[in-house]
Amino acid sequence: MSKTEIDQLTAEFFGAFDNRDGRGADVARLRRLMLPQGVIVSTAPTFAVYSVEEFIEPRERLLNDGRLVGFSEWETSERTEIVGDIASRTGEYRKSGTLDGQPYGGGGTKTFQFVRTPEGWRIAAFSWYDEV
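Structural notes, computed from the coordinates. Only a predicted model underlies this, so the values are computations on that prediction, with no experimental measurement involved.

### Brief notes about the sheet that holds strand E5 (residues 102–117)
Pairing is mixed across the open sheet formed by 6 strands, whose spatial order is E2-E1-E6-E5-E4-E3. If you trace the sheet from one side to the other, it starts and ends with strand E2 (48–50) and strand E3 (68–83), each paired once. On average, adjacent strands in this sheet sit at an angle of 20° to one another, irrespective of strand direction. In the sheet, E5 pairs with strand E6 (residues 120–130) via 10 bridges, with the strands oriented antiparallel. Bridge assignment links Phe 114 to a residue of E6, and that residue is Ile 123. Helix-sheet contacts for helix H1 (residues 2–15) involve E3, strand E4 (86–99), E5 and E6, and the interaxial angle to E3 is about 160°. Along the sheet face, helix H3 (residues 52–64) touches strand E1 (34–44), E2, E3, E4 and E6 and points at about 70° away from the line of E1.

### Overview of the nonpolar core
Core analysis: the biggest nonpolar cluster contains 26 residues, and Phe 13, Phe 17, Leu 30, Phe 114, Ile 123 and Phe 126 have the highest contact counts within it. Breaking this core down by element, the ones donating at least two residues are H1, helix H2 (30–33), E1, H3, E3, E4, E5 and E6. Other than its neighbours up to four places away in sequence, Leu 30 contacts Phe 13, Ala 16, Phe 17, Phe 55 and Ile 56.

### A short note on the pattern of salt bridges
Throughout the structure, instances matching the rule amount to 16 salt bridges. Put simply, Glu 53 and Arg 31 hold a salt bridge, and the shortest N to O gap is 2.8 Å. Note that Glu 53 is positioned in helix H3 and Arg 31 in helix H2, a separation of 22 residues in sequence. In this structure Glu 53 comes out as partly exposed when scored by relative accessible area, which is 42%. With a closest N to O distance of 3.9 Å, Glu 131 and Arg 94 form a salt bridge. You can see Glu 131 sitting in the segment after E6 and its partner Arg 94 sitting in strand E4, a full 37 residues away along the chain. Given the relative accessible area of 37%, Arg 94 is considered partly exposed.

### With respect to the packing of aromatic side chains
One pass over the full model with this rule turns up 15 aromatic pairs. Both rings, one in Phe 14 and one in Tyr 93, keep their centres 6.2 Å apart while their planes meet at 40°; by these two values the pair is tilted. Of this pair, Phe 14 sits in helix H1 while Tyr 93 sits in strand E4, and the two are 79 residues apart along the sequence. Neither residue differs from the other here; Phe 14 and Tyr 93 are each classed as buried. Ring geometry for Phe 112 versus Phe 126: centroids 5.8 Å apart, planes at 35°, classification tilted. Placement of the pair is Phe 112 in strand E5 and Phe 126 in strand E6, with a sequence separation of 14 residues.

### Quick look at H1
With 14 residues, H1 should cover 20 Å at 1.5 Å per step; its first-to-last C-alpha distance of 20 Å lies within 8% of that length. The set of residues buried in H1 consists of Ser 2, Ile 6, Leu 9, Thr 10, Phe 13 and Phe 14. Take H1 and look down its axis: the buried residues cluster within an arc of 135°, on one side only. In this fold, the buried residues of H1 make contact with H2, E3, E4, E5 and E6.

Conventions and cut-offs
Residues numbered from 1 in each chain as written. Predicted model: local features only at pLDDT ≥ 70, side-chain atom pairs only at ≥ 80, totals over all residues. Heavy atoms only, no water. Pairing = 2+ DSSP bridges. Helix = DSSP H or I, 4+ residues; strand = E, 2+ residues; numbered from the N terminus. Axes fitted to C-alpha atoms, helices over the stretch in contact; angles between N-to-C directions. Contact = heavy atoms within 4.5 Å. Core = buried A, V, L, I, M, F, W, Y, C linked by side-chain atoms within 4.5 Å. Buried < 20%, exposed > 50% of the residue type's maximum accessible area, 1.4 Å probe, protein only. Salt bridge = Lys/Arg side-chain N within 4 Å of Asp/Glu carboxyl O. Phe/Tyr/Trp six-rings, centres within 6.5 Å; stacked < 30°, edge-to-face > 60°. Expected span 1.5 Å × (residues − 1). Arc of directions from axis to C-beta.

Set out below in structure tokens:
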């Protein structure tokens, strides 16, 4: 059951950024999917460390202000290891959309650290590397 729950949580994470077909992205749902004290790290193209709130705000604006439209990202492969109430997942992903009127896309690798809480599995941390 844990693997299925983590698969669903990961799919919901990727779905938070989807604004295809004119719908608004629901990046705010990350507040529910993550621990409030979660840590988010980007290593490339620019190294940056974010709190949950620092990560949500600019992406919510970008995905809902009309600059980045028709956007989605999805996992293409993954490896998940579960030990008791902790889990680690490394996955390759792709992304596609239109940014400022130009095609936008690419891919990379995301790693997730999950913990089982009394409310179910949550993301404790994630990091990503975008291919250049």
